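# Examination of the molecular architecture
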Amino acid sequence: MPFIPHTPSDVSEMLAAIGAPDIDALFDEIPAALRTPPPENLPQGLTEMQITRLMHARAQLDGQPLNFLGAGAYEHHIPAAVWAIVSRGEFYSAYTPYQAEASQGTLQVLYEFQTMMANLTGMQVSNASLYDGASALAEACLMAVRAHRQSRSARILVPATVHPDYRHVARAITTGQSLKFDVLPYGEEAGTLDLSSLERYSGQDITAVVVQHPNFFGLLEDVDAITDWAHAQGAMLIAVVNPVSLAIFKPPGEWGEKGADIVVGEGQPLGAPLASGGPYFGFMTTRMEYVRQMPGRLIGRTLDLDGKPGFSLTLQAREQHIRRSKATSNICTNQGLLVTAAAIHLSLLGATGLESVAAACQANTSALVEALTGIDGVRLRFAGPRFHEAVLQLDRQVDGVLQELARRNIAGGLDLSRHFPGLGNALLVCATETRTPEDIRTYAHVLAEILT
Amino acid sequence: MHEPLIFTYSRPGRGAPAQYPPPVPPEVPEKFRRRRRVVLPEVSELQAVRHFTRLSQLNFSIDTHFYPLGSCTMKYNPRACNELAMLPQMLGRHPLAPESLSQGFLACMHELQEMLKEVTGMQGVSLTPMAGAQGEFAGVAMIRAYHQARGDTAREEIIVPDAAHGTNPATATMCGCKVIEVRTLENGDIDIEALKQVVGPKTAGIMLTNPSTVGVFERRIQEVASLVHGAGGLLYYDGANLNAILGKVRPGDMGFDVIHMNLHKTFSTPHGGGGPGSGAVGVGRRLLPFMPVPFVEREEVSAGHAQLRYRYRWMDERDLPQTIGRLSAFMGNAGVLLRAYVYMRMLGRAGLERVAEYATLNANYLLARLQQAGFEPAYPQRRASHEFIITMKRQARELGVNAMDFAKRLLDYGFHAPTTYFPLLVPECLLIEPTETESKQELDAFVDALIAIQREAQQDAAKVKGAPYTLPVRRLDDVRAAKQLDLAYREDPG
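Residues numbered from 1 in each chain as written. Chains lettered and ligands numbered in written order. Predicted model: local features only at pLDDT ≥ 70, side-chain atom pairs only at ≥ 80, totals over all residues. Heavy atoms only, no water.

Looking up chain B in an unreviewed UniProt entry gives the name Probable glycine dehydrogenase (decarboxylating) subunit 2, with the organism given as Steroidobacter denitrificans. Regarding chain B, the relevant UniProt record gives this comment under Cofactor (unreviewed entry): "pyridoxal 5'-phosphate". For chain B, the Catalytic activity (unreviewed entry) comment in UniProt is given as "N(6)-[(R)-lipoyl]-L-lysyl-[glycine-cleavage complex H protein] + glycine + H(+) = N(6)-[(R)-S(8)-aminomethyldihydrolipoyl]-L-lysyl-[glycine-cleavage complex H protein] + CO2". (UniProt positions renumbered as here; feature names shortened; annotations may be inferred.)

With an unreviewed UniProt entry as reference, chain A is termed Probable glycine dehydrogenase (decarboxylating) subunit 1, source organism Steroidobacter denitrificans. Annotation of chain A in UniProt includes, under Sequence similarities (unreviewed entry), the sentence "Belongs to the GcvP family. N-terminal subunit subfamily."

Looking only at helices and strands, chain B has 16 helices and 13 strands in total. Relative to the globule expectation of 23 Å for 494 residues, the C-alpha radius of gyration of chain B, 25 Å, shows essentially globular dimensions. With respect to the principal axes defined by its C-alpha atoms, chain B has extents near 75 × 70 × 45 Å. The buried share of chain B, reckoned over its 494 residues, is 66%. At a minimum sequence separation of 6, the contacts of chain B that also span at least 24 residues come to 72%. (Helix = DSSP H or I, 4+ residues; strand = E, 2+ residues; numbered from the N terminus. Rg over C-alpha atoms; globule rule 2.2 N^0.38 Å. Buried < 20%, exposed > 50% of the residue type's maximum accessible area, 1.4 Å probe, protein only. Contact = heavy atoms within 4.5 Å.)

The subject of this paragraph is the domain arrangement of chain B. For chain B, the assigned domains read domain 1 (6-57), domain 2 (80-344) and domain 3 (353-480). Each of domain 1 of chain B and domain 3 of chain B has a C-alpha centre, and these two points are 44 Å apart. (Domains from an automatic or database assignment.)

Bringing the pattern of salt bridges into the picture now. Side chains that carry opposite charge are capable of pairing whenever their charged atoms lie near each other. For the structure shown, the criterion picks out 60 salt bridges over all chains. Here B:R250 and B:D253 are joined by a salt bridge, their closest N and O atoms 3.0 Å apart. Under the relative-accessibility criterion, B:R250 is labelled buried at 19%. A relative accessible area of 33% places B:D253 in the partly exposed class. Put simply, B:E299 and B:R311 hold a salt bridge, and the shortest N to O gap is 2.9 Å. In this pair, B:E299 sits in strand β8 (residues 295-300) while B:R311 sits in strand β9 (residues 310-315), placing the two residues 12 residues apart along the sequence. For B:E299, a relative accessible area of 24% translates into the label partly exposed. For B:R311, a relative accessible area of 38% corresponds to the partly exposed category. Residues participating in the shared-partner salt-bridge network are A:D165, A:R418, B:D316, B:E317, B:R318 and B:R326. (Salt bridge = Lys/Arg side-chain N within 4 Å of Asp/Glu carboxyl O.)

Moving on to the UniProt feature "domain: Glycine cleavage system P-protein N-terminal" (unreviewed entry) in chain A. According to UniProt, the "domain: Glycine cleavage system P-protein N-terminal" (unreviewed entry) feature falls on residues 3-444 of chain A. Structurally, residues 3-444 of chain A is divided into 35% helix and 14% strand, and its ends, taken at the C-alpha atoms, are 51 Å apart.

The subject of this paragraph is the UniProt feature "domain: Aminotransferase class V" (unreviewed entry) in chain B. Mapped onto this numbering, the UniProt entry annotates "domain: Aminotransferase class V" (unreviewed entry) at residues 153-272 of chain B. Within residues 153-272 of chain B, the helical portion is 28% and the strand portion 20%, while the C-alpha atoms at the span's ends are 41 Å from each other.

Another point: the sheet that holds strand β8 (residues 282-286) of chain A. All names here are of chain A. Taken in spatial order, the seven strands of this open sheet run β2-β8-β7-β6-β5-β3-β4, and their pairing is mixed. The sheet terminates laterally at β2 (125-126) and β4 (180-184), the two strands that pair on one side only. Contacting β3 (155-159), β4, β6 (236-241) and β7 (262-266), helix α7 (residues 164-173) crosses the sheet at an angle of about 165° to β4. Those strands touched by helix α9 (residues 223-232) are β3, β5 (208-213) and β6, and its axis lies near 170° from that of β5. (Pairing = 2+ DSSP bridges. Axes fitted to C-alpha atoms, helices over the stretch in contact; angles between N-to-C directions.)

All right, on to the packing of helix α11 (residues 336-373) of chain A against helix α13 (residues 437-451) of chain A then. Residues and elements named next belong to chain A. One way to put it is that α11 packs onto α13 with a least axis distance of 9 Å and a crossing angle of 25°. Put simply, α11 runs roughly parallel to α13. The chirality of how α11 crosses α13 is right-handed. Here N364, A367, L368, A371 and L372 of α11 come into contact with α13, specifically with I440, Y443, A444 and L447. (Parallel < 35°, antiparallel > 145°, perpendicular 65-115°, else oblique. Left-handed = near helix turned anticlockwise from the far one by under 90°.)

Let us now look at unusual backbone geometry. For the peptide bond that leads from A:G278 to A:P279, omega is 0°, which places it in the cis range. Of note, the bond from B:G275 into B:P276 is cis; its omega dihedral lies within 30 degrees of zero at 10°. Look at B:Y421: it is not a glycine, yet its phi comes out positive at around 55°. Inspection of the secondary structure assignment puts B:Y421 in the loop between β12 (419-420) and β13 (429-432).

Considering all chains together, one arrives at 22 aromatic pairs over all chains under this definition. An aromatic cluster is present here, built from A:Y186, A:F216, A:F217, A:F382 and A:F420 joined pairwise through their rings. (Phe/Tyr/Trp six-rings, centres within 6.5 Å; stacked < 30°, edge-to-face > 60°.)

Each partner contributes to the interface: chain B provides 197 residues, whereas chain A provides 186 residues. Counting every contact that joins chain B to chain A gives 17 salt bridges. Two residues, B:R474 and A:D306, come together in a salt bridge whose shortest N-O distance is 3.1 Å. Remark: the boundary between chain B and chain A carries 93 residue pairs in polar contact (both at pLDDT 80 or more). For the side of chain B that touches chain A, the leading source of residues is helix α11 (residues 334-372) of chain B, giving 25 residues. Each residue belonging to the side of chain B that touches chain A can be placed in one class, and the counts come to 105 nonpolar, 49 polar and 43 charged. (Polar contact = N/O pair within 3.5 Å; in protein donor to acceptor, adjacent residues only side chain to side chain. Nonpolar A, V, L, I, M, F, W, Y, C, P; charged D, E, K, R; others polar.)

Further remarks concern the nonpolar core. If you look at the biggest cluster of nonpolar residues, it comprises 111 residues, and the most contacted ones within it are A:M55, B:L116 and B:F267. The element best represented in this core is α11(B), accounting for 21 residues. Residues from two domains meet in this core; each of domain 2 (80-344) and domain 3 (353-480) of chain B gives at least three. Among the nonpolar cores identified, the runner-up in size contains 84 residues, and A:I85, A:L184, A:I299 and A:C361 belong to it. (Core = buried A, V, L, I, M, F, W, Y, C linked by side-chain atoms within 4.5 Å.)

All names here are of chain A. Domain annotation of chain A identifies domain 1 (66-76 + 350-451) and domain 2 (80-345). Computed from C-alpha coordinates alone, the two centres of domain 1 and domain 2 are separated by 28 Å. Counting residues at the interface gives 28 residues for domain 1, matched by 32 residues for domain 2. In total, domain 1 and domain 2 occlude about 2,300 Å² of area from one another, counting both sides; carbon and sulfur atoms represent 68% of this. Considering only the side of domain 1, the residues that lose the most area to domain 2 are F382, F387 and F420, jointly responsible for 27% of the buried surface there. Where domain 1 touches domain 2, the interface holds one salt bridge. The closest approach of N and O atoms between E188 and R381, which form a salt bridge, is 3.7 Å. Seen at the junction of domain 1 and domain 2, the total is six residue pairs in polar contact (both at pLDDT 80 or more). (Buried area = accessible area lost by both parts, 1.4 Å probe.)

Here it is in structure tokens:
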């Protein structure tokens, strides 16, 4: 019996202690009419050897394409030490630190993570993570509505250059709460938020303005002007950022005159593998004045009975297990294991390493753009300063080109026609520090063959 | 044992240069440039490895300690699940990778959906919610979408038992519903008379778990189902306790319309110190059009493809226009789902039924032993499910030693404490869940520890109240933590 330790004599001794004739008698409170018939459609169990063979075959079937996809999930080198430590059973198989004294390892890692994220984003407090970047944006919008007591409108301005699936998630998660999202267009030429589109909201009751920087197209938004405009209107500013980019870019806490109010983003680039989309983690940082409106777990440093420092979950009065229907959010778990990876990853990279990674990503994206736009029928759509990603215009439908690339074992980027039909045959490409000059030459060579 | 913060090891100019590419100057226009360097630890690789390894050693975990946290289901996480979910192709796949290069992965996801349908008696499964609470959200959002699609817009009340997990009322509120609480009777069943009073034309649905959070099977579940359905509401199953009934009774057969499953509990994926989880949802026929996207569909492949009989593809908003939408940027916690898939395939049909059998055997055995030792069950007349409650109200009254004191002292004996003070309606309670993967020896040792602590409490209450003594820290001052907030380390400016 896989993973069940009971011997037949254990079972009979235990049944005798209970006073039950057999195990099935323990289910005698379930009405007979409800008892499940044998589950014929479930497969028989496999041994570890059999399932290993099956999973290797499945993995083999998919192969490992050369990857030029980004769009919110980024392939980075993860130091071997990161998952060697994260996979230790003491981290991996622990639970929520409800008994703080027995969970000081997890709690201290989370506290160190909170410190690193506050530093990176230029804010005062960080929570110990949310599910992913998109759901963190949804939580930030709900938090802004709670925190901004003067605003009655629950109206949130969201540029179209915010990741389209982040926008969809924010809508889906807030759908029961009558938030109003107004999507602002991007400039046709620049690919960034057109500041003039903000003007028609001047003087109106706006709860918050969202800005993603770098935006979905990889371009830098005029964050200082947007932040100051939001604050001049009495609105809060929610920043969505890539944490790696913050090694070289001005942190949201320093945008404009007063800085952003809530900062969220996808933590995956900090030590989480691509892994088909998860588990990743969302991060959230804010100003101290809003800490009681923040969703998710917070770890605080305190003292024990002997006056020694230690860590525990704090401000739990905000949380669902105490406040029930009046909680800041229904969020119960966080992404502790991924946060552990991020804390180790950031410790191994340090400021120097993170800057090197960010600069290498930028340089490789530029090299990729140069190589691909050298091909007839490929041109760069937006010219501004960028990070990680670029939009290319092709002279034919992108879908067919991507399928052809996939046949040649290349994941060539994201077809933008679904989310941005106005862009025509547009392809979003990405090259992180993991792409070599050889990888880029291979992509350019194959793409040229397909297009000619 | 005390481990300093990583920042205290940091020295300017130190680093782990094997871990990053050679420097190139970044291209940052002046107005976007970061002016002050990020404060991150500057440590060598060995310093980081030692620091985090030492921190790991300050934790209790399943791999090192018995962890009988009721309602959390902390059982063994088989190593094969981890290893096979971390094959390079699985870890390296981009979430937006072409479907043609993802058929192996998608096949696993589709089979997982099918197996979950089978064990829950549901018609459709979406794997995308990233945690149990997000699964709850998806469930209640589907219930609301269902009523709204029918033009039945006055249904804004969600009924929740007073014993429910805190996430239930929080979720209902998040979905814009009003929460109506119903009482639990002395015997642990829901108060049907009270339920009759509140069910009506405003009822959107009821959120229940069965077995309930008090650790007993709701015997009148069919009556509850017909009452709520009769009034036009739907039934939501909180799958936190699915472990207890696998192969014995299916939520779909009990009348539930929607269920979330905590895959990290019932299907044994590790919880990593608080997450990740995974909250797949299953739905009955009425809610199929509203499922969250994406999920996986299978199509027969016509002759000619020797290698594959089927083609798998993502279903999204285009295929399901009434969907409640997307809950994550991509497709949820794929890595957790792969672990759950491997676990289910290893156990197979017989193994899954054994989960419920041995979890329930262990719980009832532990309860019987504790009762014989003089501890007081909260529901002495009932069968325990996979978990049960003992109440320490007598010890608190007579000895001044409460449930939390017992919990902290258990840590000194090498056992993680049970869940304390939940559910809220039982005073001084410990909610104990041994799970099926613990041996009789371990359970006996746990009983011996509680008996020893009881004896200590009678002889020297102060000793128990001062626990723990053997851990990295003594009892922590939570009031100070909340009043003098210290949420991030600041370097000494001097």
